[in-house]
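The lines below spell out each chain.
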Amino acid sequence: MTTTLRPSGPIQPGADGAQSRAYDVCDNGRPVGAVEIGTEAGSDGGTGVLRALRVDEPVRRRGRGTIAALAAEEVLRGWGCTQVRTEVAADNTAARRLTAALGYTERSRNMLKRLPSTPPALPDGLTARPMTPEEFAAWEDGAIAAYAESLVTRGASRGTALRAARASHAGHLPDGLATEGARLHLLVHEGERAGYVWVARFEMHPGLTVGYVFDVEVDERFRGRGFGRALMLQAERLALAAGDVRLGLHVVTANTPAVRLYESLGYEPTQYNLVKPL
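Rules of the game
- Residues numbered from 1 in each chain as written.
- Predicted model: local features only at pLDDT ≥ 70, side-chain atom pairs only at ≥ 80, totals over all residues.
- Heavy atoms only, no water.
- Helix = DSSP H or I, 4+ residues; strand = E, 2+ residues; numbered from the N terminus.
- Areas by Shrake-Rupley, 256 points an atom, 1.4 Å probe, with all protein chains shown as cover.
- Contact = heavy atoms within 4.5 Å.
- Salt bridge = Lys/Arg side-chain N within 4 Å of Asp/Glu carboxyl O.
- Buried < 20%, exposed > 50% of the residue type's maximum accessible area, 1.4 Å probe, protein only.
- Expected span 1.5 Å × (residues − 1).
- Phe/Tyr/Trp six-rings, centres within 6.5 Å; stacked < 30°, edge-to-face > 60°.
- Axes fitted to C-alpha atoms, helices over the stretch in contact; angles between N-to-C directions.
- Parallel < 35°, antiparallel > 145°, perpendicular 65-115°, else oblique.
- Left-handed = near helix turned anticlockwise from the far one by under 90°.
- Nonpolar A, V, L, I, M, F, W, Y, C, P; charged D, E, K, R; others polar.
- Core = buried A, V, L, I, M, F, W, Y, C linked by side-chain atoms within 4.5 Å.

A. Broad picture of the overall build of the chain. What the chain contains, in helices and strands, is six helices and 13 strands. Across its three principal directions, the C-alpha atoms of the chain cover 70 × 40 × 30 Å. Total accessible area on the chain is roughly 14100 Å²; 51% of this is exposed by carbon and sulfur atoms.

What follows is the structure, encoded as structure tokens:
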């Protein structure tokens, strides 16, 4: 048995200098699966992406998937990538075992919760209200900067990260506070802002559109007092008011307090986002 990759199409250009290419997974020249590889937009070519690795059912469990993944990594090295990321569905046990054996580690995860029919109450002493236009203008600059910084930690240059962060906000909030379906609320404690949450409808995974927490943060001087939980309860209230029955989010695995909070609120993983140095 000789397992190799064979291009099944040309290199496709994408956003921010990204590129991708589809390959057949071949056994002695005969296609037995497929894989797509590319570079991550906004990473300046430093981060490769491994997508949709598939080996046909009749020839699985013979090591072909492992060989194909390693061959894809070698192509990405040739493209100048220094790391590779991939996504694995939480219920795909075989893929999780394969990526773990190949040295991939979890960077973040997507999580989902089915909401109760009755909106939860906020704790005593806390209220929530929509942002004002003035508050939104002040908030957006900081939110863009924070998102850009997160992209820098994933390998993007500061210039590329800032452009990508601005483009993301322009795409999700094209009309600011007037953007259809966007709800940005402040949590208020004794008349002072304690944090904020941004919720909107979003296609979290292909074919799965849900209410989604785009951003949530407790102001630093109010942390450690349970206000993060209160903000997530307000997110549930906003999603239910919009007619959503499920609420999704994305969390960085290194943010252990946030992961524990979401788990305690009943969120369950739907996808693991993994990374490996090359």
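B. Quick look at the side chain of Arg-85. With respect to the helices and strands, the residue Arg-85 is situated in strand β6 (residues 83-89). Once residues lying within four places of it in the same chain are set aside, the contact partners of Arg-85 are Glu-40, Thr-47, Gly-48, Val-49, Leu-50, Arg-107, Leu-274 and Val-275.

C. Spotlight on the pattern of salt bridges. Under the counting rule described, the total for this entry stands at 17 salt bridges. Here Asp-27 makes a salt bridge to Arg-64, at a shortest N to O gap of 2.6 Å. Remark: Arg-64 occurs in helix α1 (residues 64-78) and Asp-27 occurs in strand β3 (residues 19-27); sequence separation between them is 37 residues. The same class applies to Asp-27 as to Arg-64, namely buried. A single network of salt bridges, built from pairs that share partners, joins Glu-40, Arg-85 and Glu-87.

D. Examining helix α5 (residues 227-241) more closely. Its 15 residues place the ends of α5 21 Å apart at the C-alpha level, agreeing with the 21 Å of an ideal helix rising 1.5 Å per residue. Among the 15 residues of α5, eleven are classified as buried, and the element is accordingly described as predominantly covered. Those residues of α5 not exposed but buried are Phe-227, Ala-230, Leu-231, Met-232, Leu-233, Gln-234, Ala-235, Glu-236, Leu-238, Ala-239 and Leu-240. One or two positions beyond α5, positive phi appears at Gly-243, with a value near 90°.

E. Here's a closer look at the packing of aromatic side chains. Across all of its chains, the model carries nine aromatic pairs by this definition. Seen from their ring centres, Phe-222 and Phe-227 are 5.8 Å apart, and the 40° between their planes marks the pair as tilted. Both residues of the pair, Phe-222 and Phe-227, count as buried. One aromatic cluster is present, formed by Phe-136, Trp-139, Tyr-196, Trp-198, Phe-202, Tyr-212 and Phe-214 through successive ring pairs.

F. Representation of the packing of helix α3 (residues 133-152) against helix α4 (residues 158-172). Between α3 and α4, whose axes approach to 8 Å, the crossing angle comes to 130°. With respect to their mutual orientation, α3 and α4 come out oblique. Considering only the axes of α3 and α4, their crossing is right-handed. Of the residues in α4, those in contact with Trp-139, Glu-140, Ala-143, Ile-144, Tyr-147, Ala-148, Glu-149, Leu-151 and Val-152 of α3 are Arg-158, Ala-161, Leu-162, Ala-164, Ala-165, Arg-166, Ser-168 and His-169. Looking at the contact of α3 with α4, its residues break down into eleven nonpolar, two polar and four charged.

G. Summary view of the nonpolar core. With 29 residues, the main nonpolar core has Val-213, Met-232, Leu-247, Leu-249, Tyr-262 and Tyr-267 as its most contacted residues. For this core, the secondary structure elements donating two or more residues are β10 (192-205), β11 (208-218), α5, β12 (246-252) and α6 (256-264). Here this core takes nine residues from α5, the largest share from any one element. Grouped together as the second largest cluster of nonpolar side chains are 21 residues, Val-32, Ile-37, Val-59 and Ala-68 included.

H. The arrangement of the packing of α5 against α6 in detail. For the pair α5 and α6, interaxial distance at closest approach is 11 Å and the crossing angle is 50°. Comparing their axes, α6 and α5 come out oblique. Crossing angle aside, the handedness with which α5 passes α6 is right-handed. Contact residues: α5 offers Gly-228, Arg-229 and Met-232, while α6 offers Leu-261, Tyr-262 and Ser-264.

I. Geometry of the environment of Ala-239. Looking at the secondary structure, you find Ala-239 in helix α5. Sequence separation between Ala-239 and Glu-74 is 165 residues, and the spatial gap between their C-alpha atoms is 44 Å. Leaving out residues up to four positions away in the same chain, Ala-239 has contacts with Leu-115, Arg-183, Asp-244 and Leu-247.

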